[in-house]
Amino acid sequence: MSGFYQRLQALEPRRQQAFMAALCERLLPNYGFYCQALDAQGAGHGNPRALRAILDLVWERLAVKEAKIDFALQAEKLAELAPGEEDDSFGARRASEAVAALSALLDTLQGEAPEAVLEVSRASRGGIRAFIELTEGEEDGQRLAALVRDHPLMADENDFQDAALEAAEGPLGRDELKALRRLGRNDGFSNLGLSPD
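My aim in this report is to walk through the structure given alongside it, one point at a time. (Residues numbered from 1 in each chain as written. Predicted model: local features only at pLDDT ≥ 70, side-chain atom pairs only at ≥ 80, totals over all residues. Heavy atoms only, no water.)

1. Observations concerning the packing of helix H5 (residues 90–110) against helix H6 (residues 116–136)
For step 1, the next point in the chain: Closest axis-to-axis distance for the H5/H6 pair is 9 Å, and the angle between their directions is 170 degrees. Our classification of the angle between H5 and H6 gives roughly antiparallel. On H6, the residues touching Phe90, Arg94, Glu97, Ala101, Ala104 and Thr108 of H5 are Ala116, Glu119, Val120, Ala123, Gly126, Gly127, Ala130, Phe131 and Leu134. (Axes fitted to C-alpha atoms, helices over the stretch in contact; angles between N-to-C directions. Helix = DSSP H or I, 4+ residues; strand = E, 2+ residues; numbered from the N terminus. Parallel < 35°, antiparallel > 145°, perpendicular 65-115°, else oblique. Contact = heavy atoms within 4.5 Å.)

2. Structural notes on the packing of aromatic side chains
For step 1, the next point in the chain: Applying the stated criterion to the full structure yields three aromatic pairs.
For step 2, the next point in the chain: The interplanar angle of 40 degrees and the centroid separation of 6.0 Å between the aromatic rings of Phe90 and Phe131 together place this pair among those described as tilted. Of this pair, Phe90 sits in helix H5 while Phe131 sits in helix H6, placing them 41 residues apart in sequence.
For step 3, the next point in the chain: Exposure remark for Phe131: the relative accessible area of 16% places this residue in the buried category.
For step 4, the next point in the chain: A network of ring pairs unites the aromatic residues Phe4, Tyr5 and Phe19 as a single cluster. (Phe/Tyr/Trp six-rings, centres within 6.5 Å; stacked < 30°, edge-to-face > 60°. Buried < 20%, exposed > 50% of the residue type's maximum accessible area, 1.4 Å probe, protein only.)

3. Observations concerning the pattern of salt bridges
For step 1, the next point in the chain: Under the criterion given, the structure shown has 13 salt bridges.
For step 2, the next point in the chain: Residues Asp156 and Arg26 are paired through a salt bridge, measuring 3.4 Å at the closest nitrogen-oxygen approach. Of this pair, Asp156 sits in helix H8 (residues 152–169) while Arg26 sits in helix H2 (residues 13–40), and the two are 130 residues apart along the sequence.
For step 3, the next point in the chain: With relative accessibility at 36%, the residue Asp156 sits in the partly exposed group.
For step 4, the next point in the chain: Relative accessible area serves as the criterion here: at 1%, Arg26 is assigned to the buried category.
For step 5, the next point in the chain: The closest approach of N and O atoms between Asp140 and Arg143, which form a salt bridge, is 4.0 Å.
For step 6, the next point in the chain: Accessibility expressed as a relative area gives 29% for Asp140, which makes it partly exposed.
For step 7, the next point in the chain: By relative accessible area, Arg143 is classed as exposed at 52%. (Salt bridge = Lys/Arg side-chain N within 4 Å of Asp/Glu carboxyl O.)

In structure tokens:
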């Protein structure tokens, strides 16, 4: 894995941003899922469309370098969309990961954030690890580590991040960005294999 992270850190900022944007695409449905659950309880909080709009602006900047977008303002809007700290549910933690990943991406668009790309990569894998722990209920640390390593969701995530990194290392014109975005959208399924629809 260390070779993977070295390659990630070696990317120029725009390429790192494209990689992170693709990962954010896969994290977004988890946020939508959380908001749906809250709506069902009549405790509406969050706004998946607002999150989507912020990520769309990131893709616009990646495609059109001259696009004038106030990412400091977008970061303020994003902060208001985060789940409340008092909510420690599994869904809230995954929704918070989506917000944090997008926030790290916005940080890179406003200046230096050298660790952001690693944070987003690890957050996506971390959410899957938490999901496997929750669903498999394995207490033994070694068995759990093996379970996580060999789990189809983790294999899928590793394949996805490898593909996203390869794409980010290659040409990044409009068509390639569209293809990377499609890859990230994953037919509407999140990194946890969940779809809000």
